Amino acid sequence: MEYCKITTDETLRENIRHGSNIYPFAYYPENICQFDFCRIDWHWHHELELLYVSEGSLLCLVGTDKIELSEGCALFINSGILHRFEGKNSAFIPNIVFSPALLADEKSLIYEKYIAPVINSFVPYLILEPRTEWQNHALEILSEIFALQEPDSQNELRTVRLLMQIWDMMFSHSDFSSGAPEFHRMSHKQARLQTMMQYIHDHYTEEISLDDIAASASISKSGALHIFKSGIRISPVAYLIQYRLAQAAEQLNTTQKSVSSIAKETGFADSGYFCRKFRQHYNMSPNEYRHSFKISLKDCALSSVMLLYKHPLSC
């Protein structure tokens, strides 16, 4: 199975262009299981996002919050907010990503009164659930938008009109003046967190310390600890170990290298320590994981085929 992957720059900003300059809108009828480890890793973008869980369930990490998004619910993610998605099993999660400028020109009154207050607010996301009347209506409109996105169809005008309806509902029923300042898009702390995370991604195979991680963002060790704890709820060193383990797990699944070789290549000086940490994190040994992945991949592939029969995937 060939996986879809999120690619980012050194600040974890997603590299892909969503749509085009003349129509900054993109629709992705995705299945979380088509991504490596059923996970869309940490990233952010200036565009806005609306994600809907059509089948299954999804764990959404947005800023400092964890959200269990169940089937039939949607999530609006504001501009510049760091987020990550995880699935335990196959889940069909159609989503749209679009520029705020699609709704109105940045110099217009509409943008100034109704768009800018949202994207400049301290609110990182909104959950849309069918049990609330206006949100259920918004979900119905979102489904209409998805249904319009057929290749080569003349759908742009209707898409923008429906998007404006959803925006009007969110703006009318939500208080975008509330929220804590630490949630503000691309805050100074978030930028430093992204810098340190990227440093770990670039140097995880080397012998690096908390001092090195903190120095990459020009802050103290205590500052690095605080930013990681408040941002993604674990310490920098714990994140380093988790990242190394994730890279090791990928090698276990994609290569025939020995466990000791993989341990060394992913930054673990001692294979015994690597095996202990791997078992703590995955509740099984590296060899057991390698074997179980082959079995689960077959199950996941079968589920994906069943989902994709109903929902064609765009990668």
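For the structure given in this document, a descriptive report is provided here.

Next up on the list: the overall build of the protein chain. Tallying secondary structure elements over the protein chain gives ten helices and nine strands in all. The buried share of the protein chain, reckoned over its 315 residues, is 50%. Pairs at least 24 residues apart make up 71% of the contacts formed inside the protein chain by residues separated by at least 6 positions.

So, on to the packing of aromatic side chains. If you walk through the whole model with that rule in mind, you get 14 aromatic pairs. Where tyrosine 204 meets tyrosine 243, the ring centres are 5.2 Å apart and the plane angle is 80°; that geometry is what we call edge-to-face. You can see tyrosine 204 sitting in the loop between helix 4 (188-203) and helix 5 (210-216) and its partner tyrosine 243 sitting in helix 7 (residues 236-254), a full 39 residues away along the chain. Of the two residues examined, tyrosine 204 and tyrosine 243, each falls in the buried class. On the numbers, 5.1 Å between centres and 50° between planes, the contact of phenylalanine 268 with phenylalanine 274 is tilted. A network of ring pairs unites the aromatic residues Phe268, Tyr273, Phe274, Phe278, Tyr282 and Tyr289 as a single cluster.

Counting through the fold element by element, histidine 46 comes out in the loop between strand 2 (39-43) and strand 3 (48-52). By relative accessible area, which is 34% here, histidine 46 ends up partly exposed. Spatially, the C-alpha atoms of histidine 46 and asparagine 78 are 8.3 Å apart, while their sequence positions differ by 32 residues.

Here the focus is the nonpolar core. Among the nonpolar cores identified, the biggest contains 36 residues, and Leu50, Ile96, Phe98 and Leu163 are the most heavily contacted of them. For this core, the secondary-structure elements that each account for two or more residues are strand 3, strand 6 (74-77), strand 8 (92-98), helix 1 (109-119), strand 9 (125-128), helix 2 (133-148) and helix 3 (156-173). Looking at this core, the element that brings in the most residues is helix 2, giving eight residues. Once residues within four sequence positions are removed from consideration, isoleucine 96 is found in contact with Phe25, Ala26, Tyr27, Leu48, Glu49, Leu50, Leu142, Ile145, Phe146 and Leu163. Counting 26 residues, the second-largest nonpolar core is a separate cluster that includes Met196, Met197, Leu210 and Leu240.

Here we come to the packing of helix 7 against helix 9 (residues 271-282). Across the interface, helix 7 lies against helix 9 with an axial gap of 10 Å and an inter-helix angle of 90°. The angle between helix 7 and helix 9 falls in the class roughly perpendicular. Residues Ile241, Gln242, Leu245, Ala246, Ala248, Ala249 and Leu252 of helix 7 form the contact with helix 9, whose participating residues are Tyr273, Phe274, Lys277, Phe278, His281 and Tyr282. Split by residue class, the contact of helix 7 with helix 9 holds ten nonpolar, two polar and one charged.

Rules of the game
Residues numbered from 1 in each chain as written. Predicted model: local features only at pLDDT ≥ 70, side-chain atom pairs only at ≥ 80, totals over all residues. Heavy atoms only, no water. Helix = DSSP H or I, 4+ residues; strand = E, 2+ residues; numbered from the N terminus. Buried < 20%, exposed > 50% of the residue type's maximum accessible area, 1.4 Å probe, protein only. Contact = heavy atoms within 4.5 Å. Phe/Tyr/Trp six-rings, centres within 6.5 Å; stacked < 30°, edge-to-face > 60°. Core = buried A, V, L, I, M, F, W, Y, C linked by side-chain atoms within 4.5 Å. Axes fitted to C-alpha atoms, helices over the stretch in contact; angles between N-to-C directions. Parallel < 35°, antiparallel > 145°, perpendicular 65-115°, else oblique. Nonpolar A, V, L, I, M, F, W, Y, C, P; charged D, E, K, R; others polar.

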